[in-house]
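A structural walkthrough
Residues per chain, in single letters:
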Amino acid sequence: MKSPAAVFTAVRSLAGGADIVWLMRRVDRFFGLTNRMLRFVVALLAWQIGVLFALLGGVIDLGGYAGIHILGCVILATWLVWRLNFPAIDHRYSVALQIVTWTAVAGPFGAFVAAALSFPSTTIRSMILRDGGIDSLTTDCSPIERVERLHVCLLDRRIRLDGASRIRPLIDVIVEGTQSEKLEALAVVYRKYEARLSAVLKRAMQDSDTSVRVLAATITAKLHATYGRTIGDCEAAAAAKPGLAQSWRNLAEARLGYAGSGLLEASRARAQMEFAAADLTRAVELDPFDRASAGRLESARQQLAMWRT
Amino acid sequence: MTAGVDVCLIVEGGYPYMVGGVASWADALMRASPQLTFHVIAIGISKQARRRNFVLPVNAVDVTDILLDVCPRGRTPTARDADRIKRVLRLLENALTSGDGSNFEDLIEQVRINGFGQAALLDSKAGWHAMEEAYERLLPNGPLLDFFWSWRFLVRSVLAVIGTPLPQARVFHALATGFSGLVGSYAKFAAKMPLVVTEHGIYTNERRIELAVADWLFDSGAGGFDVAAESPELRSIWLKAFQSFSRISYAAADAITTQYRANQALQRIDGAPDDKLCIVPNGIDVAKFASIARDATPRPPTVLMIGRIVPIKDVRTFIMAVALLKDIVPNVVAILIGPEDEDPEYAAGCRQLVHQLGTDPSIIFLGRVPDVLQYLNVADVLALSSISEAQPMAMLEAAATGLPVVSTDVGSCREIIEGFDDDPVEGRGGIVVEPCNPMAMAEALATILLDNALRSQMAEVMRRRVASYYSKDRVTRIYERLYADHGAAGCSCGSTMS
């Protein structure tokens, strides 16, 4: 059996490890809590409701009810406070103490409300869209296997993180946001640019607000300049060392990056792809054993053929 | 120090050291009113080259430099100054965040009374503690080191502004809000002199755009893709400071001018009071430009672009447009006029792009030229690919010579090309295209180059529109009257200028 530290170290080595560890802790905490805490709350509610019905049914009078209620709560609270003083403080005891305090104040209603508030929200439940693969997350497999399964589920989008849907898509912000939201969205696009975000930039260029258009244009120009500069540098390197396959490979990669950036219209992206194919051809001629370049060349040619058809 | 000039012009990062739209405008303004005397306050930073790119007109009697990163040292604080330092720095923090004019006035007074400068407010233990408190308020959990340097620059810059000896002038005229406006506000509060603020581009807007793509500012990325996250970032501190400077300037100004309506709307959003606002367009010497005879000798279709070779002019889009245009008009020639020394790396990238696209023989970089007129009369169309403009003088001058224009939809370019409400001249003088769209620009240029009748018609519209609304004489009269009004009694600009 691996130690918890070793497990967490292994987990951290996975992509997005920190997030997954956090998620697993939440899962553990939730299921750890429910087992005993649920029994405690059910018992507390049953006791409170029983005493209340006894009062309403005339089995006990108000004084008796108050005595049982107060005495019971005091005993429970004292025991919980005593438990809290143990060196290894358990989070469950403080939660239980809160529930008892609310019960003391508002009887069964307090117990019910406190239990609802004290339990973790249904985060975990909403996080996991139940299907065959996800259910196994809560079975008896080892923590590292559970993390791996969770990771796979995240990657193939069978689970979603709670709250993620509250983040407005950037394109929606551009369409219906305020000016400052739009500018902030464009700043996000600039900092985290990838081809899929080009639609946001293009939509922002059509915006009725001049400032939004100007920022979108500034970002577009900066991105074009960055790609153009990289290509220029690679061209210069290839011109300086034309016999080096690596130079042509780098140039081809720079061109392919630009072609796939989403910034170019189809004809210009195709032109970049054609240049890249020529550069890769040259790289393969110079180094026939370079299988990576040959593979890239093949996929570039396929892409070009697809465009032609 | 000069004794009693008429107008003190306050310019940030430009005149007389840097060439640019606002710098040229300032130069033209002074030359247009030779009967007035001017003193120029040039705001910059110490590492900026201070080689003059303009020959001062004879009525510009002196130039004062304010270096924002150099402030007075002030007296050495004692242990008993700790509370005072804290109080002054709290005022300074408010000046950087609240935009409250009276707070800024208090700050000027307190710094003067206490004799504080860098020694007390930045280099002392009390100053450090005050900085820590500001950090907790403004950038909790952010990078302290980055905050420290930003704080230091901003505090220094405000101290540099309020530590400047003011020239004696009848009116102070700030050519932007920002630091220019802050100097103007200082003159207004400390010397009780009238202040006119002219904004070509809206300062806060330009800074907001600049900061959104600033690579020199640390950004934690804590907000991820969530626009609503509002995680405290360093750039929000800078933006807040610029917004605050604008608000202080608007509060202090007696009149606030800009060149077109869209800008006025932005000024209102930033807190400019309606009764101070007025529109004064740019003006050019219409007669001089209109008198140029067009060169009728046979030549290839020629596209002209006039502007600095800098990213904001998006010269790369123009170059790509010309490359595409060559497919439609194979013998087209493109001439680029403008200095390349402001951003040599970008200029080199543009030349590299010309080479990459194989358009070397068709695109000519002329650099700075002594007389742009000789190129205006041999061109068929003016192209402007800028990402941001206010009211470009180059466009007005080209238009006055009877040159149709293809321009991106920025600043007041659409207004100049297509007209505005109540414009006495009807019709289009060119084509407005979307920024960063080489294909659209190429198609627009081809449309004009291939249709002689359309070109003549557009040329005529441009010539008439510029003559009727953008005449230098008219604009000069407006400014002279503005100076006279405010220099005399501080009466408001109001509707008389609209």
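Residues numbered from 1 in each chain as written. Chains lettered and ligands numbered in written order. Predicted model: local features only at pLDDT ≥ 70, side-chain atom pairs only at ≥ 80, totals over all residues.

We now examine the sheet that holds strand β13 (residues 430-433) of chain B. What holds strands together in a sheet is hydrogen bonding between their backbones, with the strands either parallel or antiparallel. Residues and elements named next belong to chain B. Taken together, the six strands give an open sheet; going across it, the order is β10-β9-β8-β11-β12-β13, and neighbouring strands pair in parallel fashion. Among the strands making up the open sheet, the edge pair consists of β10 (363-367) and β13. For this sheet the average axis-to-axis angle between neighbouring strands, irrespective of direction, equals 20°. Contacts from helix α17 (residues 438-449) reach β8 (302-306), β11 (381-384), β12 (405-408) and β13 within the one sheet, and its direction differs from that of β13 by about 170°. (Pairing = 2+ DSSP bridges. Helix = DSSP H or I, 4+ residues; strand = E, 2+ residues; numbered from the N terminus. Axes fitted to C-alpha atoms, helices over the stretch in contact; angles between N-to-C directions. Contact = placed C-beta atoms within 7 Å.)

All names here are of chain A. Taking 1.5 Å per residue, 18 residues should reach 26 Å; helix α14 (residues 291-308) reaches 26 Å between its end C-alpha atoms and fits that length. All buried positions along α14 are accounted for by Ser 293, Arg 296, Leu 297 and Ala 300. Buried residues along α14 cover an arc of 100° about the axis, so they all sit on one side. What points out from α14, more than 90 degrees from its buried face, is the exposed set Arg 291, Gly 295, Gln 302, Ala 305 and Met 306. Close packing links the buried residues of α14 with α12 (245-259) and α13 (266-286). (Expected span 1.5 Å × (residues − 1). Buried ≥ 20, exposed ≤ 12 C-beta atoms within 10 Å, placed from the backbone. Arc of directions from axis to C-beta.)

Right, let's talk about the confidence of the model for chain B for a bit. Residues and elements named next belong to chain B. Across chain B, pLDDT averages 89, with 96% of residues at or above 70. Counted against residues more than four places away or in other chains, residues 488-498, with its pLDDT under 50, gives 19 contacts. Across the predicted assembly, pTM comes out at 0.70 and ipTM at 0.76. (pLDDT = per-residue confidence, 0-100.)

To continue, consider the packing of helix α12 (residues 315-328) of chain B against helix α13 (residues 344-357) of chain B. All names here are of chain B. Their axes nearest at 10 Å, the elements α12 and α13 cross at an angle of 20°. If you check the angle between α12 and α13, you find them roughly parallel. Crossing of α12 against α13: the hand is right-handed. Residue-level inspection shows Val 315, Arg 316, Ile 319, Met 320 and Ala 323 of α12 in contact with α13, the latter providing Cys 350, Leu 353, Val 354 and Leu 357. Each residue belonging to the contact of α12 with α13 can be placed in one class, and the counts come to eight nonpolar, no polar and one charged. (Parallel < 35°, antiparallel > 145°, perpendicular 65-115°, else oblique. Left-handed = near helix turned anticlockwise from the far one by under 90°. Nonpolar A, V, L, I, M, F, W, Y, C, P; charged D, E, K, R; others polar.)

All right, on to the interface of chain A and chain B then. At the junction of the two partners, chain A supplies 33 residues and chain B supplies 25 residues. Residue assignment for the side of chain A that touches chain B shows that the elements contributing at least two residues are α8 (170-176), α9 (179-191) and α11 (210-240) of chain A. Examining the composition of the side of chain A that touches chain B, we find that 18 residues originate from one element, α11(A), more than from any other. Grouping the constituent residues of the side of chain A that touches chain B by class yields 17 nonpolar, seven polar and nine charged.

All names here are of chain B. The parallel open sheet is built from seven strands, whose spatial order is β3-β2-β1-β4-β5-β6-β7. Two strands in the sheet have a free side with no partner beyond their single neighbour: β3 (60-67) and β7 (277-279). Adjacent strand axes in the sheet meet at a mean angle of 25° when their direction is disregarded. Pairing of strand β1 (residues 5-12) with strand β4 (residues 169-174) involves five bridges; the strand directions are parallel. Among the inter-strand pairings, Val 5 is bridged to a residue of β4, identified as Ala 169.

Residue and element names in this part refer to chain B. Within the secondary structure layout, Val 155 lies in helix α6 (residues 144-162). Between the C-alpha atom of Val 155 and that of Ala 253, which follows or precedes it by 98 residues, the distance is 23 Å. In this structure Val 155 touches Leu 92, Leu 121 and Leu 122, once residues within four positions along its chain are discounted.

Residue and element names in this part refer to chain A. Among all positions in helix α10 (residues 198-205), only Val 200, Leu 201, Ala 204 and Met 205 are buried. The buried residues of α10 occupy one face: seen down the axis, they fall within an arc of 140°. At its buried positions, α10 is contacted by α8, α9 and α11.

This brings us to the environment of Leu182(B). Inspection of the secondary structure puts Leu182(B) in helix α7 (residues 178-191). The spacing of Leu182(B) and Ser362(B) is 180 residues in sequence and 47 Å in space, taken between C-alpha atoms.

Attention shifts here to the pairing of β12(B). Residue and element names in this part refer to chain B. The alternating pattern of β12 places Val 405 and Ser 407 and Val 406 and Thr 408 on opposite faces, both of which are buried. In terms of strand pairing, β11 meets β12 through three bridges, oriented parallel. Within β12, the position partnered with Leu 382 by the bridge is Val 405. Chirality of the crossover, the property in question, places the unit of β11, helix α15 (residues 393-400) and β12 among those that are right-handed. Bridge analysis of β12 against β13 gives four bridges, and the strand direction is parallel. Bridged to Val 405 within β13 is Gly 430. (Right-handed = clockwise from strand over helix to strand, strands pointing away.)

Here we come to unusual backbone geometry. Excluding glycine, most residues fall at negative phi; most peptide bonds, likewise, are trans. Residues and elements named next belong to chain B. The linkage connecting Tyr 15 with the following residue, Pro 16, adopts the cis geometry, with an omega of 0°. Looking at the element boundaries, Pro 16 is found in the loop between β1 and α1 (21-32). Backbone geometry at Asp 314 places phi at a positive 45°, although glycine is not the residue there. Summarising the element assignment, Asp 314 is placed in the loop between β8 and α12. The exposure class of Asp 314 is buried, given the 28 C-beta atoms found within 10 Å. If you check the backbone angles, Cys 436 has positive phi at about 60° while not being a glycine.

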